[in-house]
Amino acid sequence: MRASQHPTVVDFLDRFSAMMEPEGLPRPAGRMLGLFFVEVGPLTAEELSEQLQISRSNVSTTVRMLESLGVVHRTRLPGERTDRFRLHDDPFVPMLQASVARAERMRELVKGCRSALPASLKPAAQRLRPLEQFFGHAAQWLTEMAGAWPRGRRSRT
């Protein structure tokens, strides 16, 4: 039995993908990312399609998204023509960097709103200030966390 078929892993993939959705990952991408954490790879598009029960075109779209985030990459086994996909050896820093970018975009959004408000809405601008500070601090802390992460130490077992 493959890990992806075990009821505990099926439940994990469902819950993991639901939790990643608010982080900007569509459910298939969350399921695929979770699968890469639990399954020995690398996996072909056909294997991903079969294990996740999604179409090959959805596999292609989802893999491209995870590649663009820096958490998955393509590889080929010697003598093969088929692309295989596997979790990056250290996917956590790119994941943290994506969180930093989201926090910075939110801070800029709030800052832009605050600065565009007229003087007559000064109380609203003042109420937005803590939100801007929160996202600024979050970006800073996440950046520090990414810098402190012990790179290349992910266990492959």
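Use the structure listed above.
Residues numbered from 1 in each chain as written. Predicted model: local features only at pLDDT ≥ 70, side-chain atom pairs only at ≥ 80, totals over all residues. Heavy atoms only, no water.

So, unusual backbone geometry
The phi torsion of most residues other than glycine is negative, and most of the peptide bonds are trans.
Then, in step 1: Although it is not a glycine, Gln 53 sits at a positive phi angle of roughly 55 degrees.
Then, in step 2: Residue placement: Gln 53 occurs in the loop between helix H3 (45-52) and helix H4 (56-68). (Helix = DSSP H or I, 4+ residues; strand = E, 2+ residues; numbered from the N terminus.)

A look at the pattern of salt bridges
A side chain of one charge can pair with a side chain of the opposite charge when the charged atoms of the two come close.
Then, in step 1: Counted according to the given criterion, the structure contains 12 salt bridges.
Then, in step 2: The closest approach of N and O atoms between Arg 107 and Glu 108, which form a salt bridge, is 2.9 Å.
Then, in step 3: You can call Glu 108 partly exposed: its relative accessible area is 42%.
Then, in step 4: Three or more residues joined by partner-sharing salt bridges are found here, namely Glu 67, Arg 74, Arg 76 and Asp 83. (Salt bridge = Lys/Arg side-chain N within 4 Å of Asp/Glu carboxyl O. Buried < 20%, exposed > 50% of the residue type's maximum accessible area, 1.4 Å probe, protein only.)

Describing the environment of Pro 42
Then, in step 1: With respect to the helices and strands, Pro 42 occurs in the loop between helix H2 (27-38) and strand S1 (43-44).
Then, in step 2: Along the primary structure Pro 42 and Arg 84 are separated by 42 residues, whereas in three dimensions their C-alpha atoms are 5.5 Å apart.
Then, in step 3: Apart from residues lying up to four places away in sequence, Pro 42 is in contact with Glu 47, Thr 75, Leu 77, Arg 84, Phe 85 and Arg 86. (Contact = heavy atoms within 4.5 Å.)

Some details on the packing of helix H1 (residues 7-20) against H2
Then, in step 1: Packing of H1 against H2 leaves a shortest axis separation of 8 Å and a crossing angle of 130 degrees. One way to sum up the angle between H1 and H2 is to call them oblique. In terms of crossing hand, the pair formed by H1 and H2 is right-handed. For the pair formed by H1 and H2, the contact residues are Val 9, Val 10, Phe 12, Leu 13, Asp 14, Phe 16, Ser 17, Ala 18 and Met 20 on the first element and Arg 27, Gly 30, Arg 31, Leu 33, Gly 34, Leu 35 and Val 38 on the second.
Then, in step 2: A class-by-class count of the residues in the contact of H1 with H2 yields 10 nonpolar, 3 polar and 3 charged. (Axes fitted to C-alpha atoms, helices over the stretch in contact; angles between N-to-C directions. Parallel < 35°, antiparallel > 145°, perpendicular 65-115°, else oblique. Left-handed = near helix turned anticlockwise from the far one by under 90°. Nonpolar A, V, L, I, M, F, W, Y, C, P; charged D, E, K, R; others polar.)

Thoughts on the sheet that holds strand S2 (residues 72-75)
Then, in step 1: Taken together, the 3 strands give an open sheet; going across it, the order is S1-S3-S2, and neighbouring strands pair in antiparallel fashion. On the outer flanks of this sheet lie S1 and S2, each paired with one strand and no other.
Then, in step 2: Summarising the sheet, S1 and strand S3 (residues 84-87) pair through 2 bridges and their orientation is antiparallel. Residue pairing in the sheet places Thr 44 in a bridge with Arg 84 of S3.
Then, in step 3: Running at roughly 80 degrees to S3, H2 makes contact with S1, S2 and S3 of the sheet. (Pairing = 2+ DSSP bridges.)

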